[in-house]
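Examining the three-dimensional arrangement
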Amino acid sequence: TIATGTKLAFAATGSFSDGTTQVITRDSAWASDNLAVATLGGGSTATAVGPGAANISATFGGVTGSTPLQVSTATLTSVSVTPANAVLAPGTFVNCVATGTFSDGSTQVITGFVTWISSAPGVASVGAFGKVTAQAGGSASITAQLGSISGNSMVVVDSSPLTSIQISPPMATVGQQAQITFKAVGTFADGNMQDLTTSALWTSS
């Protein structure tokens, strides 16, 4: 169930005669049986047009699967942005997420269809999907706006030198062909700390 004016991306998984399954989202033909309620712009993302019910279907190789979609009469009451605060080094980035709260108490991630605005693009710029990139020292307010409703995140770009990087876990043992995920946190000369996991260059000895 989603609110009028919002969107929802669907995925299709095909089951084949040999018992295997495969994601066929991009290969399927998508349709809505009630265009007054929901439309699909050639892909698997449905746009809620008005209150009511619609069946969203995916067809591949002559086989069709469908799922119901309910569009409520709820209206957007607030937008929150996470992280609410972030400290970045120039050249690094953080992905902000916008979540809408509606009049019926429901919530929905609306990152992809809010308008993103930075109060100081020279300090921190923001892309269409909430990716905030630090440009230079200073602070900027990042706003996610849908209609007249908006939410904010405060970003501080710390231009002081990076003094150390701590990796966690500091030691690990894994089996062959197994995986482990590491995290890198940088400490700057002024004491600020930042998650550099996605910004750092990772290597193995």
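Below is a summary of the structure that appears in this document. Here the structure is a predicted model, which is why all the values come from computation and not from measurement.

What follows concerns the overall build of the protein. The secondary structure content of the protein amounts to 0 helices and 22 strands. For the protein, the spread of C-alpha atoms along the three principal axes comes to 60 × 50 × 25 Å. Classification of the 205 residues of the protein by burial places 33% in the buried group. Restricting the contact set of the protein to residue pairs at least 6 apart, pairs at least 24 apart contribute 44%. Entry remark: accessible area of the protein is about 11,600 Å², with carbon and sulfur atoms responsible for 54%. The distance from the centre of the 4 positive side-chain charges to the centre of the 7 negative ones in the protein is 6 Å.

Right, let's get into the pairing of strand E18 (residues 138–146). As judged from the 4 bridges shared by strand E15 (residues 115–118) and E18, these two strands associate in the antiparallel manner. Residue pairing for E18: Trp116 is matched across the bridge by Ala144. Bridging between E18 and strand E19 (residues 149–157) involves 9 bridges; their strand directions are antiparallel. Within E19, the position partnered with Ala144 by the bridge is Gly151. Where E18 folds back onto E19 in an antiparallel hairpin, the turn is made up of 2 residues, including Gly147, whose phi is positive at roughly 65°.

This brings us to the sheet that holds strand E12 (residues 93–95). Read across the open sheet, the 3 strands follow the order E12-E17-E16; overall the sheet is antiparallel. Every interior strand has two partners, whereas the edge strands, E12 and strand E16 (124–126), have only one. Averaged over all pairs of adjacent strands, the angle between strand axes in this sheet comes to 20°, irrespective of strand direction. Sheet analysis places E12 next to strand E17 (residues 131–134), joined by 3 bridges and oriented antiparallel. Following the sheet pairing, Val94 is matched in E17 by Val132.

Here we take up the packing of aromatic side chains. Using the criterion set out here, one finds 1 aromatic pair in the structure. Of note, Lys131 hangs over the ring of Phe93, and the distance from its end group to the ring centre comes to 4.4 Å.

Moving on, we get to the sheet that holds strand E21 (residues 183–188). Read across the open sheet, the 3 strands follow the order E20-E21-E22; overall the sheet is antiparallel. Only two strands of the sheet have a single neighbouring strand rather than two, namely strand E20 (162–168) and strand E22 (193–195). Each strand of the sheet is rotated relative to its neighbour by a mean of 25°, with strand direction disregarded.

Turning our attention to the side chain of Ser160. Its place among the elements puts Ser160 in the loop between E19 and E20. The class for Ser160 is buried, based on a relative accessible area of 18%. In terms of polar contacts, Ser160 uses its side chain to reach the side chain of Asp158, at 2.7 Å. Among the polar contacts listed, one links the side chain of Ser160 to the side chain of Asp190, at a separation of 3.3 Å. Each residue touching Ser160, except ones within four places of it in the same chain, is listed here: Phe188, Ala189 and Asp190.

Cut-offs used in this document
- Residues numbered from 1 in each chain as written.
- Predicted model: local features only at pLDDT ≥ 70, side-chain atom pairs only at ≥ 80, totals over all residues.
- Heavy atoms only, no water.
- Helix = DSSP H or I, 4+ residues; strand = E, 2+ residues; numbered from the N terminus.
- Buried < 20%, exposed > 50% of the residue type's maximum accessible area, 1.4 Å probe, protein only.
- Contact = heavy atoms within 4.5 Å.
- Areas by Shrake-Rupley, 256 points an atom, 1.4 Å probe, with all protein chains shown as cover.
- Lys, Arg positive; Asp, Glu negative; His and termini not counted.
- Charge placed at Lys NZ, Arg CZ, Asp CG, Glu CD.
- Pairing = 2+ DSSP bridges.
- Axes fitted to C-alpha atoms, helices over the stretch in contact; angles between N-to-C directions.
- Phe/Tyr/Trp six-rings, centres within 6.5 Å; stacked < 30°, edge-to-face > 60°.
- Lys NZ or Arg CZ within 6 Å of the ring centre and 35° of its normal.
- Polar contact = N/O pair within 3.5 Å; in protein donor to acceptor, adjacent residues only side chain to side chain.

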